[in-house]
Amino acid sequence: GEAVVLAEELVDQVADVAGWEEYRVLPGRAKGAELTSLTYAHPIHPDQTGVAVVGPHVELSTGTGVVHTAPGHGDEDFLIGVEFGLRAPMPVDDDGVFDEGGGPFAGIHVDDANPKIIEMLGDAGTLVRAGKTDHSYPHCWRCKRPVIFRATEQWFISMDAAGLRDDAMKAIDEVDWVPAWSVNRISAMVSERPDWCISRQRAWGVPIPVHHCAACNEVVADDETFSAVEHLFATEGADAWFTKDPSDYLPEGVVCPSCDGSELVAETDILDVWFESGSSHESVLAVRDELHRPAELYLEGSDQHRGWFQSSLLTAVGTIGTAPFEHVLTHGFIVAGDGRKMSKSLGNVVDPLKVMGTYGADIIRLWVASADYSQDVSVSEEILQRTSEAYRRIRNTFRFMLGNLDDYEPSMAVAWEHMPELDRYAMVRLSDVVDRVTGAYEAWTSHQVYRTIFGYCVTDLSAFYLDVLKDRLYSDSVDSRSRRSAQTVLAEITAALARMLAPILSFTSEEVWHSMPDRLRTAGSVQLAGWPSIDVPDDEAAELRGVYERVLAVRAEVTKALEEARDAKLVAKSQVAKVVVRVREEGDDGPLLAALRERPALADLFIVSDVGVESSGGAEAGEDPSVEVEVEPADGEKCPRCWNFRTLGIDPEHADVCERCAGVLSGLE
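Residues numbered from 1 in each chain as written. Predicted model: local features only at pLDDT ≥ 70, side-chain atom pairs only at ≥ 80, totals over all residues. Heavy atoms only, no water.

Sorry, what's going on with the environment of Met 159 here?
Along the chain, Met 159 turns up in the loop between β3 (156-157) and α4 (164-173). What Met 159 contacts, discounting residues up to four positions off in sequence, is Leu 164, Arg 165, Val 190, Arg 193, Pro 194, Asp 195, Trp 196 and Leu 314. (Helix = DSSP H or I, 4+ residues; strand = E, 2+ residues; numbered from the N terminus. Contact = heavy atoms within 4.5 Å.)

Got a minute to help me understand the side chain of Asn 404 in this structure?
On the secondary structure map, Asn 404 appears in the loop between α14 (381-403) and α15 (421-442). When near neighbours in sequence (up to four residues on either side) are disregarded, Asn 404 contacts Leu 473, Tyr 474, Gln 487 and Leu 490.

For this particular structure, what's the right way to read the sheet that holds strand β17 (residues 626-633)?
Two strands in a sheet stick together by hydrogen bonds in their backbones, pointing the same way (parallel) or opposite ways (antiparallel). One open sheet accounts for three strands, arranged β16-β15-β17; its pairing is mixed. Strands with a single pairing partner mark the edges of an open sheet, and in this sheet they are β16 (610-618) and β17. Strand after strand, the sheet turns through a mean of 20 degrees between neighbouring axes, direction not considered. As paired elements, strand β15 (residues 577-585) and β16 share seven bridges and run parallel to each other. Bridged to Val 583 within β16 is Ser 615. Each of β15 and β17 is contacted by helix α19 (residues 538-567), which is oriented at about 40 degrees to β17, the strand it contacts most. (Pairing = 2+ DSSP bridges. Axes fitted to C-alpha atoms, helices over the stretch in contact; angles between N-to-C directions.)

Explanation requested: empty space enclosed by the protein in the structure shown.
Over the atoms, a rolling probe the size of a water molecule traces out where space has been left empty. Considering all chains together, one arrives at one cavity of 30 Å³ or more under this definition. Of the volumes computed, that of the largest cavity is approximately 30 Å³. Considering the residues around the largest cavity, the lining is formed by Leu 366, Ile 394, Val 449, Tyr 450, Ile 453, Phe 454, Leu 501 and Ile 504. A class-by-class count of the residues in the lining of the largest cavity yields eight nonpolar, no polar and no charged. (1 Å grid on protein atoms, 1.4 Å probe; cavity = no way out; pocket = protein on both sides within 12 Å on 5 of 7 lines; lining within 4 Å. Points joined across faces, edges and corners; volume = space filled by probe spheres on them. Nonpolar A, V, L, I, M, F, W, Y, C, P; charged D, E, K, R; others polar.)

Which parts of the structure should I look at to understand the pairing of strand β11 (residues 295-301)?
Residues in a regular strand project their side chains so that they alternate between the two faces of the sheet. Examined bridge by bridge, β11 and strand β12 (residues 325-331) share six bridges and lie parallel to one another. Of the residues in β12, the one forming a bridge with Gly 301 is His 331. Tracing the backbone out of β11, into helix α11 (residues 308-320) and back to the parallel element β12 gives a crossover that is right-handed. (Right-handed = clockwise from strand over helix to strand, strands pointing away.)

What exactly am I supposed to notice about the pattern of salt bridges here?
It is possible for side chains of opposite charge to pair when their charged atoms get near one another. Enumeration over the complete set of coordinates arrives at 26 salt bridges. When the shortest N-O distance is used, the salt bridge between Arg 472 and Asp 423 registers 2.7 Å. Taken together, the positions of Arg 472 in helix α16 (residues 446-475) and Asp 423 in helix α15 put the pair 49 residues apart, joining distant regions of the chain. By the burial criterion, Arg 472 is buried, and Asp 423 matches it. Here Arg 429 ties to Asp 432 by a salt bridge, and the two come within 3.8 Å at their closest N and O atoms. In this pair, Arg 429 and Asp 432 both sit in helix α15, three residues apart, roughly one turn of the helix. Among the ionic contacts, a cluster of salt bridges with common partners joins Asp 407, Asp 479, Arg 483 and Arg 484. (Salt bridge = Lys/Arg side-chain N within 4 Å of Asp/Glu carboxyl O. Buried < 20%, exposed > 50% of the residue type's maximum accessible area, 1.4 Å probe, protein only.)

Explain the sheet that holds β11 here, please?
The strand order across the open sheet formed by three strands is β4-β12-β11, and the pairing between neighbours is parallel. For this open sheet the edge positions go to β4 (176-178) and β11, each flanked by a neighbour on one side alone. The mean inter-strand angle of the sheet, taken between neighbouring strand axes irrespective of direction, is 15 degrees. Together, β11 and β12 form the strand contacts of α11, whose direction differs from that of β11 by roughly 145 degrees.

Where do I start with a negative patch on the surface in this structure?
Taken together, the side chains of Asp 538, Asp 539, Glu 543 and Glu 598 present a region of like negative charge at the surface. In this structure Asp 538 comes out as exposed when scored by relative accessible area, which is 66%. (Patch = residues over 30% accessible without salt bridge, like charges linked within 9 Å, V, L, I, M, F, W, Y side chains within 5 Å. Areas by Shrake-Rupley, 256 points an atom, 1.4 Å probe, with all protein chains shown as cover. Lys, Arg positive; Asp, Glu negative; His and termini not counted. Charge placed at Lys NZ, Arg CZ, Asp CG, Glu CD.)

What exactly am I supposed to notice about helix α1 (residues 11-18) here?
Side chains of residues three or four places apart in an α-helix project in the same direction, reflecting 3.6 residues per turn. All buried positions along α1 are accounted for by Val 11, Val 14, Ala 15 and Ala 18. Seen along its axis, α1 keeps its buried residues to an arc of 100 degrees; they face one direction. In this structure, α1 carries Asp 12 and Asp 16 as exposed residues pointing more than 90 degrees from its buried face. Looking one or two places after α1, you find Gly 19, whose phi comes out positive at around 80 degrees. (Arc of directions from axis to C-beta.)

In this structure, what is going on with the packing of α15 against α16? I would like to understand it.
The description of two helices packed together rests on the angle between their axes and the distance between the axes. Where α15 contacts α16, the two axes come as close as 10 Å, and the packing angle between them is 170 degrees. When the interaxial angle is binned, α15 and α16 end up roughly antiparallel. Facing Leu 422, Asp 423, Tyr 425, Ala 426, Arg 429, Leu 430, Val 433, Arg 436, Val 437, Ala 440 and Tyr 441 of α15, the residues of α16 in contact are Gln 448, Val 449, Thr 452, Ile 453, Tyr 456, Asp 460, Phe 464, Tyr 465, Val 468, Leu 469 and Arg 472. Its residues assigned to classes, the contact of α15 with α16 comprises 15 nonpolar, two polar and five charged. (Parallel < 35°, antiparallel > 145°, perpendicular 65-115°, else oblique.)

Help me understand the state of the cysteines in this model?
A covalent bond between the sulfur atoms of two cysteines is what we call a disulfide. For the structure on display, the rule yields zero disulfides. Cysteine Cys 213 remains unbridged, with the sulfur of Cys 259 as its closest cysteine sulfur at 3.4 Å. When its relative accessible area of 2% is taken as the criterion, Cys 213 is described as buried. What makes Cys 259 partly exposed here is its relative accessible area of 36%. (Disulfide = S-S within 2.5 Å.)

Help me understand a nonpolar patch on the surface, please; the structure alone is not making it clear to me.
A surface patch of nonpolar side chains, amounting to about 450 Å² of accessible area, comprises Val 4, Trp 20, Tyr 23, Val 25 and Val 128. If you trace the backbone, Trp 20 turns up in the loop between α1 and β1 (39-41).

Please explain the packing of helix α12 (residues 352-359) against helix α13 (residues 361-370) as it appears in this structure.
Packing of α12 against α13 leaves a shortest axis separation of 7 Å and a crossing angle of 115 degrees. Contacts from Pro 352, Val 355, Met 356 and Tyr 359 in α12 reach Ala 361, Ile 363 and Ile 364 in α13.

Teacher, can you tell me more about unusual backbone geometry here?
Phi is mostly negative for residues that are not glycine, and the peptide bonds are mostly trans. Cis rather than trans, the peptide bond between Val 178 and Pro 179 has omega equal to -5 degrees. Checked against the element boundaries, Pro 179 lands in the loop between β4 and α5 (182-192). Geometrically, the link from Arg 293 to Pro 294 is a cis peptide bond, its omega value of 5 degrees lying close to zero. Position of Pro 294 relative to the elements: it lies in the loop between α10 (280-283) and β11. Of note in this structure, Lys 144 is not a glycine but carries a positive phi near 70 degrees.

Explain the packing of aromatic side chains here, please?
The geometry of an aromatic ring pair is captured by the separation of the ring centres together with the interplanar angle, meaning the angle of the planes. Counting across every chain of the model gives eleven aromatic pairs. Both rings, one in Trp 241 and one in Tyr 249, keep their centres 6.3 Å apart while their planes meet at 35 degrees; by these two values the pair is tilted. Of the residues examined, Trp 241 reaches a relative accessible area of 3% and is grouped as buried. The structure contains a cluster of three or more aromatic residues connected by ring pairs, namely Trp 177, Tyr 298, Trp 308, Phe 309 and Phe 325. A cation sits over an aromatic face here: Lys 638 above Trp 643, 4.9 Å from the ring centre. (Phe/Tyr/Trp six-rings, centres within 6.5 Å; stacked < 30°, edge-to-face > 60°. Lys NZ or Arg CZ within 6 Å of the ring centre and 35° of its normal.)

Looking at this structure, how should I read helix α2 (residues 75-84)?
All of the buried residues in α2 are Asp 77, Ile 80 and Gly 81. Buried residues of α2 fall within an arc of 105 degrees about the axis and therefore sit on the same side. Every exposed residue of α2 that faces more than 90 degrees away from the buried side is listed here: Asp 75, Leu 79, Val 82 and Glu 83. Residue Gly 85 follows α2 closely and has a positive phi angle near 70 degrees.

Geometry only, nothing functional implied.
This is the structure we're talking about:
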């Protein structure tokens, strides 16, 4: 003879759980909103009634479609209670024990009361079925026990009452967020966040500096009390709040504005630690002469959009009207080589101290700089070994250049207009690298710094320019313009690279700086040497870039052909070879042919003894130029001094060497 109100979609499911073998569905149906006028008898407190409300948090996946709402014990329930004007009883004390509001369960811990409540409902005939279910429930991160939600009095900063949210959103747009996508993260969090609860109930921390009237509990907080507290903290520290009585430091005459009571008690809540750390712009930047606000950069992990970045933004916008930072850089987290989180139990933790003991600190710094920090960063022994190899190649580049600067000093520098063309091109490339690296640093993209410098050392220097220079450096006369020009460029490259790498390879850069001849050092430390700037004529630089783009493309084809010739045992070394380059392009004297024919030092560029350049016919209109390379043994004999194949004996005084080497040897006599 009883009727049960259920969600229609859950009738069969509830009947199955309840064990109702025979039941019928009555014809009456209603939308949930139509039931909000109903009240019901409270199953625990017979003198109370409850009211029906509707909320979006009630689902149709399980249950009955009707749930118990406790505004004093849950976030969603509390918000529904605010919407419908419900009371928010909170009959659980700080120890998780029911107080007198718990009726017959007063004095019992909530966990212990649960089976007793089920028993009472069963005895009253109001329990249809009891059982257990698995579901997600928040637990304390520290002790791992389930938490108890309690509605308590707290201190809040309103996001909307004084326009804090709108002002913070405007400030976000004025900040440079790195990487750029992180602005979306902080914007979403600020636009959607609720009012900021800044109070915590702990036995330690920075107190909330307000007082209460002992008689009526009214809050007492004005300029006079704040000044007294400020003086107390400045002279005795914040801990004095917990050891001093308010009458010891508050001025006479401070009374409750509500009842004129003169007995005041100190607030026992402390500040949220995020409010503390978020105030560092005021307590650090604003009070130190060597610092300033806004800071150039705030740097932290991506989780701090919810934490320090946001609390700093809100406290600054709320107090001084602007963001406390110009740039905010956020990064991912370090994970194992396979992408998994590091864990001692998994045995995949990489100890930086052990890495330093094996590889040195600069290897760790180079690995950090090489990573795209906008994502999680992997580290493993294999990754560190690759980084160590990259470091070795950079270091060896420095060693080669330093080894060829021992007899050089600034007074020997060759001016731009007197440099061989290759050296002028090398200066153009150095200028381009400095510009690119500077831009990468200014954009906070250290991995682009690493890629640019590593690529420059390996491709532009080791595999090309330094390789080509060896003949000049080792075989030309010591004081020749050609050798001094090469040293001029090497000195510029060494100093520029050391300064560009100083923020990353700080120890190695300092070592390089002090390994340079004293006369080349412009400061006592590379960190004090300033940032490099390479000036080259713009018009000539543009022309050289265009020419060498073509020439180096052909050089790559020549290098490939020489490798194949070595594999075929046709030549042993490139200097033993003569190459013939046949170019097919539109016109008999196109830009590629012209670029090759106008380079008198083409053999030096290709590191061969002789080069021939021929046209293999005109290409069709619009067809890209093509190159064929033929390798053959060079004419002449091998010069024992420079190893190039030349005609020997032209100078009878030095009949066993080539003409160039004979001139050098004669100058030594």
